[in-house]
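Examination of the molecular architecture
So you can see what is in the structure, the chains are spelled out below.
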Amino acid sequence: MTTYPAGADQEPHQLLADHRRLARQVRAAQRVTWFPLLVLAAVTFAAVPVYGLGGFVRTCRDQPGGGRVCAVYSSAALVYWPIALVLAYVAIAGFYLRRARARGVGTRVFPYVGVGIALAVVAGGALTWFVTHPPVGGYDLVGLHLAAGQGAWLFQLFSPGAAIGLALLVLALVERSWALFLLAVGYVVLAFVPLYDLGWVIARPSPWASLPRLVIGGSVLLLAGLLFAARQRAWRRDAA
Amino acid sequence: MTGHPANGLDDVVHQRVRLGILTIAHEAREVEFGYLRENLELTAGNLSQHLGVLERAGLVTIGKGYAGKRARTWITLTPAGTAALRAEINQLKLLIHQVDGTAG
């Protein structure tokens, strides 16, 4: 049994306050959110020449009622994204681990890295399948029939932007960061916004048609990375 | 008397430094000796004593490793340590609730 000295009723308040302060300090020491954001921004910007200068794969299928439906996509990008994202996540895991070890704490980044790599591989495979199987009358997937027009929605679901945003949601959860959560949600939404709604269109068949999405997506990540770097530096200064 | 939240407090955990060690080890997953010493503002000897108490109670495990040629000591919370920390925090909240309720 624990007894309290008279007049020590503030002690539990103090202990709880210390508990919260120490937990905040550890989180501040563990967070290096700016690094994945800047790495993913670099990967996104590096994709620009891949789309622009690489070749294109064009797959056409005959429609039952006549005519043909074709899918066109950068063949280099299909190879680039899974490889670049997996390498990026390996670099992110290594950086987090090094930083955490140097600061004397563990890291929580591995769920993010695992989900990120899984999404990169799944999205890369799914994108390749969609590009080589253009919708003829729609898609039948896991008991659902999706009209041909809904193919674009599926296409965006497996886009690199959605894969990056969904993985960032996991990072927001493990880092318990509302700011990152809002950014990740915004990034996923951005991945689903049709290009013409972004207000900057380079029409196909130009090989640079993906430029607006890549530049806008990369810029969002770059800006967010710089803001997080400044904010986390201030946190650590305050926590010290 | 047995219903009072203070009766549910564990003497091993209900101590400022040891609660701090458990908090940091829980949040950090694993924590280096030097980080604890710096953030809890303790001498190495004092910290070692508290770690010994927690280790004997089965709440933490202490392991040695190397960073280059430098020996480093890492502290990890056991499942019993996690449960003890959670119980302590719950009891503290109950106690605060009761004290504040009485005062109000």
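Residues numbered from 1 in each chain as written. Chains lettered and ligands numbered in written order. Predicted model: local features only at pLDDT ≥ 70, side-chain atom pairs only at ≥ 80, totals over all residues.

The next thing to look at is the overall build of chain A. Across its full length, chain A holds eight helices and four strands. Ordered by position in the sequence, the α and β elements of chain A form the string α-α-β-β-α-α-β-β-α-α-α-α. Summarising the internal contacts of chain A: among those between residues at least 6 apart in sequence, 66% fall at separations of at least 24. (Helix = DSSP H or I, 4+ residues; strand = E, 2+ residues; numbered from the N terminus. Contact = placed C-beta atoms within 7 Å.)

Attention now moves to the interface of chain B and chain A. Taken residue by residue, the interface counts 25 residues in chain B and 22 residues in chain A. Residue assignment for the side of chain B that touches chain A shows that the elements contributing at least two residues are helix 1 (16-28), strand 1 (30-32), helix 2 (33-39) and helix 4 (79-103) of chain B. Of the residues forming the side of chain B that touches chain A, the biggest block, seven residues, is contributed by helix 1 of chain B. By residue class, the composition of the side of chain B that touches chain A is 13 nonpolar, six polar and six charged. (Nonpolar A, V, L, I, M, F, W, Y, C, P; charged D, E, K, R; others polar.)

For the rest of this paragraph, the subject is the sheet that holds strand 1 of chain B. Residues and elements named next belong to chain B. Here three strands make up an open sheet; going across it, the order is 1-3-2 and the pairing antiparallel. Each edge of the open sheet is held by one strand with a lone partner, namely strand 1 and strand 2 (60-67). Recorded for the sheet is a direction-independent mean angle of 30 degrees between the axes of neighbouring strands. Bridge analysis of strand 1 against strand 3 (residues 70-77) gives three bridges, and the strand direction is antiparallel. (Pairing = 2+ DSSP bridges. Axes fitted to C-alpha atoms, helices over the stretch in contact; angles between N-to-C directions.)

In this section: the pairing of strand 1 (residues 56-62) of chain A. Residue and element names in this part refer to chain A. Where strand 1 lies against strand 2 (residues 68-74), seven bridges are found, and the strand directions are antiparallel. Pairing of Arg 58 across the sheet is with Val 72, part of strand 2. The turn linking strand 1 back onto strand 2 is made up of five residues, and Gly 66 within it adopts a positive phi angle of 105 degrees.

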